[in-house]
Amino acid sequence: MVETVRAAIYARISRDVTGEGLGVERQLADCRKIAADRGWLVAEEYVDNDISAFAGKRRPSYERMLEDIAAGQRDAVIVYNTDRLTRRPIELEQFTGICEVAGVRQLVAVTGDIDLGNDDGMFMARVLAAVAAKESGRKSERLKRKARENAEAGKPNGGIRPFGYEKDQITVVESEAAVIRQLAERYLAGESMGSLTRWIQDQGIPTVAGAAWHTSTVRSVLRNPRIAGLRAHNGVIVGPAMWPAIISPEQHRQLLAAFARKVNSGRRTPRSYLLSGMLRCGNCGNKLFSAVRGDTRRYVCQSGPDHGGCGRLTIVAGPVEEWIAEAVLIRLDSPAMADALAGRAAADDRFSALSAELQSDQAQLKELAEEWAAKGISMLEWKAAREPIEARIYNTDRQLGQLSGNSTLSGLVGNGDGLRANWESLNLSRQVAIIGAVLDYATITPAKTRGREFDPFRIVPTWSR
Ligand SMILES: [Zn+2]
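Bear in mind that the values here come from a model prediction, so they are computed numbers and not experimental data.

A look at the overall build of the protein chain
- Summing up its helical and strand segments, the protein chain has 15 helices and 13 strands in all.
- Going through the 465 residues of the protein chain one by one, you find that 37% of them count as buried.
- A separation of at least 24 residues holds for 63% of the contacts in the protein chain among residues at least 6 apart in sequence.
- Split by element, the accessible area of the protein chain, about 25800 Å² in all, is 51% carbon and sulfur.

Structure representation (structure tokens):
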């Protein structure tokens, strides 16, 4: 007789995290389906409510589930998404510790299985927990919604006074409005941004911060949709603003078009993304390219003569970048990296040995030259003796060159936690270098469902170290 698997289903309502309409009923329904598909018995459904202010930090149902697992009454845990299970990485370590003692290895989410009994599964779980913890630390969904509502109602978004308006961000300052209109007309008539900046500076008109004008400040005044009476939110115009316009929406469009022409004709570095060149299509193996569709950055497989991919795979950039960055930082602190470091130590020994050979060969060449200069050997003898030494030097040099590509890891291994704290402040090229030091590439597999939610199981990293 087959033993019955007694599964625990865990669901949590929270105001953080991604999902829209991720009500507890939907979570439970999806989890029940998993149990049914596998022929597991749902021993109990544990539900916590994290929204209620009274819930505080405690999750009574979660704690009860842990007790039942520890008591040996559960064989598997099903959650909608692992970010429902733990809110902080330390909770995951506690959870997996209890599971290990109780012999529970199966943690199943709607998107995929995690085998808590092996290193790969634990690695996956750790990355997911780290990403979830970061997410819940962000501005709450409620605040975001409030900001969006304000924007849609055309209300100002607070902050410092915009040039052209009073502190209330609604009343027009006529003298400044006149300056804005003049700047717009003259720019559209073809005057350069540099000339306009000198003009406004010469007029003795202060910026709102009382600082000097730069071309970038003038440009940002003219680019801002608010001067055309439009309210933008996260870079997208959401509707008419409640304050009066200083220039017409038509002029605003003309200004944007003029700026775009300028940018296209001028020097412009191609937009580069964190994972450019590091992602591969799970359908065809081609490299994925970055692309903006609507207002969302994506990595896509591109078809056509220049790219030659299948064109059938795409993934939203933000969550993949965040997942990979976390995975790399965790990887840097893993035992596998310690092994890689040991490999590096061996490489360092080889490096010293080769360097010593090189030095001794070069010293010998010098001795020969001195012998010849002192007429101890003939020109012919000198030449004959030189050739094998020079061949050796050539070889040693080449081997040294191959070894020295190994130095990018110094200062990184074992320092993932420290890097995490500063990650956002590192510039793109430094972030790219850190990721490139351990990640060879990552394959993005096709989406299993049509849903818009991010599925971390689509990412299959291939580590170089
Ligand atoms: Zn493809």
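So, the nonpolar core
- With 61 residues, the main nonpolar core has Met65, Phe95, Leu279, Trp323, Ile324, Leu332 and Ile435 as its most contacted residues.
- Here the element with the most residues in this core is helix α11 (residues 317–332); it accounts for 10 residues.
- Judged by nonpolar contacts, the second largest core, of 28 residues, contains Ile180, Leu183, Leu222 and Ile246.

Examining unusual backbone geometry
- Of note in the backbone geometry, Gln169 takes a positive phi value of approximately 65 degrees without being a glycine.
- Note on placement: Gln169 falls in the loop between α6 (141–152) and α7 (174–188).
- For Gln169, a relative accessible area of 4% corresponds to the buried category.
- Notably, Lys375 is not glycine yet its phi reads approximately 65 degrees, a positive angle.
- Looking at the element boundaries, Lys375 is found in the loop between α12 (335–373) and α13 (379–403).

Observations regarding the confidence of the model for the protein chain
- Across the protein chain, pLDDT averages 82, with 86% of residues at or above 70.
- Under a pLDDT of 50 for its full length, residues 16–21 has, in the predicted model, eight contacts with residues more than four places off or in other chains.
- Counted against residues more than four places away or in other chains, residues 266–271, with its pLDDT under 50, gives one contact.

Quick notes on the environment of Glu63
- You can see Glu63 is positioned in helix α2 (residues 60–70).
- Judged by its relative accessible area of 29%, Glu63 falls in the partly exposed class.
- The spacing of Glu63 and Tyr46 is 17 residues in sequence and 9.5 Å in space, taken between C-alpha atoms.

Some words on the coordination of the zinc ion
- Binding of the zinc ion to the protein goes through Cys281 (SG), Cys284 (SG), Cys301 (SG) and Cys310 (SG), at separations of 2.3 Å.
- Angles of 101 to 117 degrees at the metal separate the four donor atoms of the zinc ion, which places the site in the tetrahedral class.
- Read in sequence order, the donor residues for the zinc ion give the motif C-x2-C-x16-C-x8-C. Taken together, the residues Cys281 in strand β8 (residues 279–281) and Cys310 in the loop between β10 (296–300) and β11 (314–316) connect sequence positions 29 residues apart.
- The class of Cys281 is buried, set by a relative accessible area of 2%.
- You can call Cys310 partly exposed: its relative accessible area is 23%.

Basis of the calculations
- Residues numbered from 1 in each chain as written.
- Predicted model: local features only at pLDDT ≥ 70, side-chain atom pairs only at ≥ 80, totals over all residues.
- Heavy atoms only, no water.
- Helix = DSSP H or I, 4+ residues; strand = E, 2+ residues; numbered from the N terminus.
- Buried < 20%, exposed > 50% of the residue type's maximum accessible area, 1.4 Å probe, protein only.
- Contact = heavy atoms within 4.5 Å.
- Areas by Shrake-Rupley, 256 points an atom, 1.4 Å probe, with all protein chains shown as cover.
- Core = buried A, V, L, I, M, F, W, Y, C linked by side-chain atoms within 4.5 Å.
- pLDDT = per-residue confidence, 0-100.
- Donors = N, O, S within 2.8 Å, 3.2 Å for Na, K, Ca; no water.
- Tetrahedral: all angles 85-135°; square planar, octahedral: opposite > 155°, others 65-115°.

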